[in-house]
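Understanding the architecture of this molecule
These are the residues of each chain, in order.
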Amino acid sequence: MSGPARLDVEGLVVRFGGVHAVAGADLQAEPGAIVGLIGPNGSGKSTTLDAISGFVEPHAGSIRIDGVDLVELLPEERMGVHIVRSFQDCRLFPDLSVEDTLLLCEDARHEVGVVSTTLQLPWARRREREKRGRVDAVIGSFGLEVFRHHRTAQLSTGTRRVVDLATIVLAEPRLLLLDEPTAGIAQREAEAFVPLLRRLHEVADTTIVLVEHDVPLVMALCSTVVVMETGRVVATGTPAEVSRDPRAIAAYLGASEEALNVTGPPRA
């Protein structure tokens, strides 16, 4: 299948010992939507992503992509249905250039014939041209041309995150799970992430579920906002609806203006 996926999470329960990290959460993402999960630390946001991507096993509930239950699929098998997960800490090969990092991602996704590549047979040369064409397109889409031959260890945290997002596009996700993409990034770089993530959404043509503490970013980017507290969903709706919801205000949005406006005032 191709195109953005539909996600349905119903009654999700995840426990660690006697602690309910997620306690009966429901979550839906329509194909092509950007859904933002917000809430205080420990509210179950990242654990929800872990359950969807298969890194933790739910104790109850269902997780379905386009109506297909994922409960029996391992994380690597979920990659087969084009579920891609990013993490807060961006880990790239420090000694590889940006271009080589992206080429490596392409090699990881496609079979490489050692003999045909070594002998430079016609179909091997054609595949190499196609691979480099895809990498060139992603480098252009994310404005990475000036960094093409830079080692990733030489890049700022924000630019490494952009490279990480570029690798995600090459994975062709139908459902993309982003865990705090602006974590550890300087404020001036974080401010550029709304248009950057919109570009990611456009280029990848995917459904996105986003965990983020930057409330102005979430409100500007997402079509649906979900507020979690102590493992439960307390409010769901459009950014305008959630910003007025008393339950959302009590759970999270009632925090100080300084805490909410991490990267500046709410954006239009």
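Residues numbered from 1 in each chain as written. Predicted model: local features only at pLDDT ≥ 70, side-chain atom pairs only at ≥ 80, totals over all residues. Heavy atoms only, no water.

**Things to note about the packing of aromatic side chains**
- Under the defined criterion, the tally for this structure stands at 1 aromatic pair.
- Here the aromatic rings of Phe-55 and Phe-87 are separated by 5.5 Å at their centres, their planes lie at 80°, and the arrangement is edge-to-face. Of the two residues, Phe-55 sits in the loop between helix 1 (45-53) and strand 4 (60-65) while Phe-87 sits in the loop between strand 6 (83-85) and helix 3 (98-109), which places them 32 residues apart along the sequence.
- On the basis of relative accessible area, Phe-87 is assigned to the partly exposed category, the value being 34%. (Phe/Tyr/Trp six-rings, centres within 6.5 Å; stacked < 30°, edge-to-face > 60°. Helix = DSSP H or I, 4+ residues; strand = E, 2+ residues; numbered from the N terminus. Buried < 20%, exposed > 50% of the residue type's maximum accessible area, 1.4 Å probe, protein only.)

**Looking at unusual backbone geometry**
- Backbone geometry places Asp-66, a non-glycine residue, at a positive phi of 50°.
- Relative to the helices and strands, Asp-66 is located in the loop between strand 4 and strand 5 (68-69).

**Thoughts on the packing of helix 6 (residues 157-170) against helix 8 (residues 193-204)**
- Where helix 6 meets helix 8, the closest approach of the two axes is 10 Å, and the angle between their N-to-C directions is 15°. In terms of their interaxial angle, helix 6 and helix 8 are classed as roughly parallel. For the pair helix 6 and helix 8, the sense of crossing is right-handed. Where helix 6 approaches helix 8, its residues Gly-158, Arg-161, Val-162, Leu-165 and Val-169 are matched on the opposing element by Phe-193, Leu-196, Leu-197, Leu-200, Val-203 and Ala-204.
- Looking at the contact of helix 6 with helix 8 residue by residue, the classes come out as 9 nonpolar, 1 polar and 1 charged. (Axes fitted to C-alpha atoms, helices over the stretch in contact; angles between N-to-C directions. Parallel < 35°, antiparallel > 145°, perpendicular 65-115°, else oblique. Left-handed = near helix turned anticlockwise from the far one by under 90°. Contact = heavy atoms within 4.5 Å. Nonpolar A, V, L, I, M, F, W, Y, C, P; charged D, E, K, R; others polar.)

**Remarks on empty space enclosed by the protein**
- On inspection of all chains with the given rule, the structure shows 1 cavity of 30 Å³ or more.
- Here the largest cavity is characterised by a volume of approximately 40 Å³.
- If you go around the largest cavity, the residues you meet are Val-9, Leu-12, Ala-25, Leu-27, Leu-37, Thr-48, Val-226, Met-228 and Val-233.
- Of all the elements in the fold, those that place two or more residues in the lining of the largest cavity are strand 1 (7-16), strand 2 (19-29) and strand 9 (224-229).
- Class assignment of the residues belonging to the lining of the largest cavity gives a composition of 8 nonpolar, 1 polar and no charged. (1 Å grid on protein atoms, 1.4 Å probe; cavity = no way out; pocket = protein on both sides within 12 Å on 5 of 7 lines; lining within 4 Å. Points joined across faces, edges and corners; volume = space filled by probe spheres on them.)

**Observations concerning the pattern of salt bridges**
- The tally for this structure, following the rule as stated, stands at 14 salt bridges.
- Note that Glu-99 is salt-bridged to Arg-148, the shortest N-O span being 2.7 Å. Here Glu-99, found in helix 3, pairs with Arg-148, found in the loop between helix 5 (122-141) and helix 6; they are 49 residues apart in sequence, far enough to count as distant.
- By relative accessible area, which is 14% here, Glu-99 ends up buried.
- Residue classification places Arg-148 among the buried positions, given a relative accessible area of 10%.
- Ionic pairing is found between Arg-161 and Asp-164, a salt bridge with its closest N-O pair at 3.6 Å. You can see Arg-161 and its partner Asp-164 sitting in helix 6, 3 residues apart, about one turn around the helix.
- Connected through salt bridges with shared partners, the residues Glu-99, Asp-136, Glu-145 and Arg-148 form a single ionic network. (Salt bridge = Lys/Arg side-chain N within 4 Å of Asp/Glu carboxyl O.)

**Side note on the sheet that holds strand 5**
- Across the sheet, which stays open at both edges, the 4 strands sit in the order 2-1-4-5 with antiparallel pairing between neighbours. For this open sheet the edge positions go to strand 2 and strand 5, each flanked by a neighbour on one side alone.
- Relative to strand 2, strand 1 is paired through 8 bridges, and the arrangement is antiparallel. Considered in strand 2, the bridge of Phe-16 is made with Val-19.
- Here helix 1 sits on the sheet in contact with strand 1, strand 2 and strand 4, set at roughly 110° to strand 1. (Pairing = 2+ DSSP bridges.)

**Some details on the environment of Leu-73**
- Locating Leu-73 in the fold gives a position in the loop between strand 5 and helix 2 (75-80).
- Distance from Leu-73 to Gly-54, taken between C-alpha atoms, is 7.2 Å for residues 19 residues apart in sequence.

**A few points about the environment of Phe-147**
- You can see Phe-147 is positioned in the loop between helix 5 and helix 6.
- The class for Phe-147 is partly exposed, based on a relative accessible area of 25%.
- Note: C-alpha distance between Phe-147 and Ser-97 (50 residues apart in sequence) is 8.2 Å.
- Residue contacts for Phe-147: discarding those within four places in its chain leaves Val-98, Leu-155 and Thr-159.

**Digging into the layout of surface pockets**
- Approximately 710 Å³ is the volume attributed to the largest pocket.
- Taken together, 26 residues make up the lining of the largest pocket; nearest its centre are Val-84, Arg-85, Asp-164, Thr-167 and Ile-168.
- Broken down by secondary-structure element, the contributors of at least two residues to the lining of the largest pocket are helix 2, strand 6, helix 3 and helix 6.
- It is helix 3 that contributes the most residues to the lining of the largest pocket, 5 residues altogether.
- Of the residues contributing to the lining of the largest pocket, the split by class is 15 nonpolar, 4 polar and 7 charged.

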